Amino acid sequence: MAKTYVKDYTNTFLIHGHDYSVTAPARFDSETHELVEDSELDDRAVEIANAMYRQEMSLVSPMDIKKYRAKIGLSQREFAKLLGWSPNTVAMYETGAFPSEANNQLLKALMSDDHLLHNLIKQDQEKHQNRLPKTVIKKINDYFDAESDDVIVEHAPQPKYSALQLANWYRVTNFFDAKNDENIEDLTQMKVVKLLYFAFGRYAATTHGKLFSSPIIAMPYGPVVEEIHTAFNGHRDIISIGLDKQAFDDYNLIQKDNEISGLLNDILKDYGDKTAAGLSKITHQPGSPWSLTVSGVINPSLIAETFVRGTEK
């Protein structure tokens, strides 16, 4: 088998009459130093060129379409029905095909203003066209109901506990559980922020308030509770570093609160047997608050709306 190596290579791609110079890793033969085929690396270079074309032509990306479709809760077939397209058209756009000018304008208008989506439903109902299935109308109406609700209300009671106090409840609970079962692994920072995220969403969906005041930040590896990230920065295992008196005091305080301890227990029952990586598959799914937030603080109402719909399960 011939030996090869990888180095950056500059190539020019012609896309619909537009030239794009792309520098990206490519594979070369170690003896001849000639360029050899590598489908994975070659496809990446092509996608970079495609992205440059999309940016220049202001075209929506496949991920933009997937996120928007997931946001309003429609399947590819349902989304196609809404727009009067074939299901193949939506599938092609989501796998990299460039939308036509008219379709691109329609997609951009939909993504920027919910009024157009509302008008599509309204016109279908007012004109008695019955073009849209009842399931599609219901899903979009559910989306509007969730969007219109002031899920996180200003006059809601202030959080009773900090995120760190709630994390300490989970830490001490894990400590006691491990004493009784040697197979139970020590709680990690990544897992506890996931548990707190689910607790926050469930609490917001049912009470219209915040479980804790610490912002939840969209980071590359998922939603992160800022206060916990700051407190345990650099520590993966947050049990072996030691539990101080404050951690046990926080546990005892929350344990006396039936509402909050009950919520934390329920989250532990529903998600405790999953790994942090397994929980990430839920928080990273298309249309999730994390996936819809490029960077910075995730809107608490967006989290609440997702749990109202029951999609983060």
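Bear in mind that the values here come from a model prediction, so they are computed numbers and not experimental data.

Rules of the game
- Residues numbered from 1 in each chain as written.
- Predicted model: local features only at pLDDT ≥ 70, side-chain atom pairs only at ≥ 80, totals over all residues.
- Heavy atoms only, no water.
- Salt bridge = Lys/Arg side-chain N within 4 Å of Asp/Glu carboxyl O.
- Helix = DSSP H or I, 4+ residues; strand = E, 2+ residues; numbered from the N terminus.
- Buried < 20%, exposed > 50% of the residue type's maximum accessible area, 1.4 Å probe, protein only.
- Pairing = 2+ DSSP bridges.
- Contact = heavy atoms within 4.5 Å.
- Axes fitted to C-alpha atoms, helices over the stretch in contact; angles between N-to-C directions.
- Lys, Arg positive; Asp, Glu negative; His and termini not counted.
- Phe/Tyr/Trp six-rings, centres within 6.5 Å; stacked < 30°, edge-to-face > 60°.
- Core = buried A, V, L, I, M, F, W, Y, C linked by side-chain atoms within 4.5 Å.

**A word on the pattern of salt bridges**
Counted by the stated rule, this structure contains nine salt bridges. Among the salt bridges present, the one from Arg-69 reaches Glu-94, with a minimum N-O distance of 2.6 Å. Taken as a pair, Arg-69 in helix α2 (residues 62-71) and Glu-94 in helix α4 (residues 87-94) lie far apart in primary sequence, 25 residues in all. Assessed through its relative accessible area of 15%, Arg-69 is described here as buried. Taking the relative accessible area as the measure of exposure, Glu-94 reaches 4% and is therefore buried. As a salt-bridge pair, Lys-245 and Asp-249 come within 2.8 Å of each other at their nearest N and O atoms. With Lys-245 and Asp-249 both in helix α11 (residues 245-255), this residue pair falls four residues apart, about one helical turn. Among the residues examined, Asp-249 registers a relative accessible area of 31% and is labelled partly exposed.

**Some thoughts on the sheet that holds strand β5 (residues 222-225)**
Whether parallel or antiparallel, the strands of a sheet pair through hydrogen bonds between backbone atoms. Pairing is antiparallel in the open sheet, where three strands are placed in the order β5-β4-β6. Two strands in the sheet have a free side with no partner beyond their single neighbour: β5 and β6 (296-297). Bridge count between strand β4 (residues 216-219) and β6: two bridges; the pairing is antiparallel. Bridging across to β6, Ile-217 finds its partner in Val-297. Across the sheet, helix α9 (residues 189-207) touches β4 and β5, and the angle it forms with β5 is around 90°.

**Section: the side chain of Asp-29**
Mapped onto the fold, Asp-29 is located in strand β2 (residues 18-29). Salt bridges are absent for the buried Asp-29, whose nearest opposite-charge side chain, Arg-27, sits at 10 Å. Sequence-distant contacts of Asp-29, defined by excluding residues within four places in its chain, comprise Ala-2, Lys-3, Thr-4, Tyr-5, Glu-34 and Val-36.

**Quick look at the packing of aromatic side chains**
Here a ring pair, both rings aromatic, is described through the centre-centre distance and the interplanar angle of the planes. This structure, assessed with the given rule, holds 17 aromatic pairs. Considering the side-chain rings of Phe-175 and Phe-248, the 6.0 Å spacing of their centres and the 85° angle between planes classify their relative orientation as edge-to-face. Here Phe-248 lies in helix α11 and Phe-175 lies in helix α8 (residues 163-180), a separation of 73 residues in the sequence. With relative accessibility at 26%, the residue Phe-248 sits in the partly exposed group. Between Tyr-197 and Phe-307, the ring centres sit 6.0 Å apart and the planes meet at 65°, which makes this aromatic pair edge-to-face. Taken together, the residues Tyr-197 in helix α9 and Phe-307 in helix α15 (residues 300-309) connect sequence positions 110 residues apart. We classify Tyr-197 as buried; its relative accessible area is 1%. Following the ring pairs from residue to residue traces out a cluster consisting of Trp-169, Tyr-170, Phe-175, Phe-176, Phe-248 and Tyr-251.

**Some thoughts on the nonpolar core**
Core analysis: the biggest nonpolar cluster contains 41 residues, and Leu-166, Tyr-170, Leu-211, Phe-212 and Ile-228 have the highest contact counts within it. Of all the secondary structure elements, the ones that give two or more residues to this core are α8, α9, β4, α11, α12 (258-271), α13 (276-283) and α15. In terms of residues, this core owes the most to one element, α9, which gives nine residues. Apart from the residues within four sequence positions on either side, Leu-211 is in contact with Pro-159, Tyr-161, Leu-166, Ala-199, Phe-200, Tyr-203, Ile-260 and Leu-263. With 23 residues, the next largest nonpolar core counts Ile-65, Phe-79, Val-90 and Val-136 among its residues.

**Thoughts on the sheet that holds β2**
What the three strands build is an open sheet, ordered β1-β2-β3; its pairing is antiparallel. Each of the sheet's edge strands pairs with one partner strand only, and the pair in question is β1 (4-15) and β3 (35-36). Bridge count between β2 and β3: two bridges; the pairing is antiparallel. Each bridged residue has a counterpart across the sheet, and for Phe-28 the counterpart in β3 is Leu-35.

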